Amino acid sequence: MMTATVADVHLSLPARAENVAVVRHVMGAFGEALALPRRRLEDVRLAVTEACTNVVRHAYDEPDGLMEITVHPREDRLEVVVADHGRGIGPSVDRAGPGLGLPMMATLCDELEIDRTVDSGSRVAMSFSRGMA
Amino acid sequence: MSAPVAEDRTPAGPPTSVSIASGPLVGPVLRRVVGMLAARADLPLDRLDDAILVADLIAARAPAHVRDDEVRVDFQPGDRCLDLVIGPLRAGGGQALITDAAVPGVGNVIEQLADELDVRPEGEDEFLHVRLTYDG
């Protein structure tokens, strides 16, 4: 179970496609500051990008809903939580069956927790070891 | 210090907010967010560099003046305009942060680079508003 402590970094952004790039770019700061191996950093960026993209695509009907990203660097791992206040994770409206996003996130991180509640949003918590998996 | 907001160039909608615990991540995170949002605001390269310089100064100086050992900045990119609101700061922290931005031999960097700069009290806290624009 991931621990809940004071967040080291918290971002709150309108859930728009262009802001996924902002989050992806910010994750590079952790690679720099924490000296993450390059491949590990790419895992983090890809998984977080996927989680944010899910928020942009699925969470809100109205514009300007928020996506919230919280990052906790730990001694041996990096914890990232991507949350929204929308309808939560659901099936895609433009394709049949589940997509590849969640399985991919599960593969890229060491620990994955998904909380979804209808009408109160979703929360995807990922934990990445700071060395190579 | 006080300067009136001359023109509403910012779009409606929620700002992008970043909160960072004081420490080594403040600079790397802030400069990335500022760089991306300045580019989105269509600021030219020299003003984008100015914005990153302001971000670096905030990262270096703001931790001494924040309320809760956490640097929070709200960003609102607009039409060739980027607004930053730094705070909550302790009482007197807004002006102190501006004063701390003085660099020997250069002068006060934030005052020179910002198009608008004002300290807004809110209860016992203060918020420093910085606006960077390009009118060329």
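Everything here concerns the structure above.
Residues numbered from 1 in each chain as written. Chains lettered and ligands numbered in written order. Predicted model: local features only at pLDDT ≥ 70, side-chain atom pairs only at ≥ 80, totals over all residues.

Structural notes on the overall build of chain B
Then, number 1: Per the secondary structure count, chain B includes four helices and seven strands.
Then, number 2: The linear arrangement of helices and strands in chain B, starting from the amino end, is β-α-α-β-β-α-β-β-α-β-β.
Then, number 3: Each principal axis of the C-alpha atoms in chain B carries an extent, and together these give about 35 × 35 × 25 Å.
Then, number 4: Out of the 136 residues in chain B, the part that is buried amounts to 42%. (Helix = DSSP H or I, 4+ residues; strand = E, 2+ residues; numbered from the N terminus. Buried ≥ 20, exposed ≤ 12 C-beta atoms within 10 Å, placed from the backbone.)

Brief notes about the packing of helix α1 (residues 17–34) of chain A against helix α2 (residues 38–59) of chain A
To describe two helices that pack against each other, one gives the angle between their axes and the distance between the axes.
Residue and element names in this part refer to chain A.
Then, number 1: Close contact between α1 and α2 brings their axes to 9 Å; oriented N to C, the two are set at 155 degrees. By the criterion of interaxial angle, the relationship of α1 to α2 is roughly antiparallel. Handedness of the crossing formed by α1 with α2: right-handed. From α1, Ala17, Val20, Val23, Arg24, Met27 and Gly31 reach across to α2, where they touch Leu41, Val44, Arg45, Val48, Thr49, Cys52, Thr53 and Val56.
Then, number 2: Per-class residue counts for the contact of α1 with α2 are nine nonpolar, three polar and two charged. (Axes fitted to C-alpha atoms, helices over the stretch in contact; angles between N-to-C directions. Parallel < 35°, antiparallel > 145°, perpendicular 65-115°, else oblique. Left-handed = near helix turned anticlockwise from the far one by under 90°. Contact = placed C-beta atoms within 7 Å. Nonpolar A, V, L, I, M, F, W, Y, C, P; charged D, E, K, R; others polar.)

A few points about the pairing of strand β1 (residues 16–21) of chain B
Then, number 1: Of the two faces of β1(B), only one is covered, namely that formed by B:Thr16, B:Val18 and B:Ile20; the face formed by B:Ser17, B:Ser19 and B:Ala21 stays uncovered.
Then, number 2: As defined by bridge partners, strand β1 (residues 9–14) of chain A adjoins β1(B) across four bridges and the pair is classed as antiparallel. Its bridge partner lying in β1(B), A:Leu11 is registered against B:Val18.
Then, number 3: One ladder, built from six bridges, connects β1(B) with strand β2 (residues 70–78) of chain B; its direction is antiparallel. Looking at β2(B), one finds that B:Ala21 is bridged to B:Glu70. (Pairing = 2+ DSSP bridges.)

Some thoughts on the sheet that holds strand β3 (residues 77–84) of chain A
Then, number 1: Strand order in the open sheet made by the ten strands is β4(A)-β5(A)-β3(A)-β2(A)-β1(A)-β1(B)-β2(B)-β3(B)-β7(B)-β6(B), with antiparallel pairing throughout. In this open sheet, the two strands that pair with only one neighbour each are β4 (111–117) of chain A together with β6 (116–122) of chain B. Direction aside, neighbouring strands of the sheet carry axes that sit 15 degrees apart on average.
Then, number 2: Judged from the seven bridges that link them, β6(B) and strand β7 (residues 125–133) of chain B form a sheet pairing that is antiparallel. If you follow B:Glu122 over to β7(B), its bridge partner there is B:Asp125.

So, unusual backbone geometry
Then, number 1: The linkage connecting B:Gly87 with the following residue, B:Pro88, adopts the cis geometry, with an omega of 15 degrees.
Then, number 2: The topology assignment puts B:Pro88 in strand β3 (residues 81–89).
Then, number 3: In this structure, A:Asp64 takes a positive phi of about 70 degrees despite not being glycine.
Then, number 4: Structurally, the position occupied by A:Asp64 is in the loop between α2 and β2 (66–73).
Then, number 5: What makes A:Asp64 exposed here is the crowd of 11 C-beta atoms within 10 Å.
Then, number 6: The backbone phi angle of B:Asp69 is positive, close to 60 degrees, even though this residue is not glycine.
Then, number 7: Accessibility expressed as a C-beta count within 10 Å gives 10 for B:Asp69, which makes it exposed.

Overview of the interface of chain B and chain A
Then, number 1: With 16 residues of chain B at the contact, the number on the chain A side is 19 residues.
Then, number 2: Elements supplying a minimum of two residues to the side of chain B that touches chain A: β1 and α1 (26–40) of chain B.
Then, number 3: Looking at the side of chain B that touches chain A residue by residue, the classes come out as ten nonpolar, four polar and two charged.

Notes on helix α3 (residues 93–100) of chain B
Then, number 1: Burial in α3(B) covers these residues: B:Gly93, B:Gly94, B:Leu97 and B:Ile98. Axial view of α3(B): buried residues confined to an arc of 140 degrees, hence all on one face. (Arc of directions from axis to C-beta.)

Quick look at the nonpolar core
Then, number 1: Counting 74 residues, the largest nonpolar core has A:Val82, B:Val29, B:Leu30, B:Val33 and B:Leu82 as the members making the most contacts within it.
Then, number 2: A per-element tally of this core places α1(B) first, with eight residues.
Then, number 3: If sequence neighbours within four positions are ignored, A:Val82 has contacts with A:Val48, A:Ala51, A:Cys52, A:Val55, A:Met67, A:Ile69 and A:Val124. (Core = buried A, V, L, I, M, F, W, Y, C linked by C-beta atoms within 7 Å.)

Details of the packing of α1(B) against helix α2 (residues 45–61) of chain B
Residues and elements named next belong to chain B.
Then, number 1: The contact between α1 and α2 brings their axes to 9 Å, and the two run at 155 degrees. By the angle between their directions, the pair α1 and α2 is classed as roughly antiparallel. Of the two possible hands of crossing, α1 and α2 adopt the one that is right-handed. Contact residues: α1 offers Val26, Gly27, Leu30, Arg31, Val34, Gly35, Ala38 and Ala39, while α2 offers Arg47, Leu48, Ala51, Ile52, Ala55, Asp56, Ile58 and Ala59.
Then, number 2: When the residues that make up the contact of α1 with α2 are grouped by side-chain class, the tally is eleven nonpolar, two polar and three charged.

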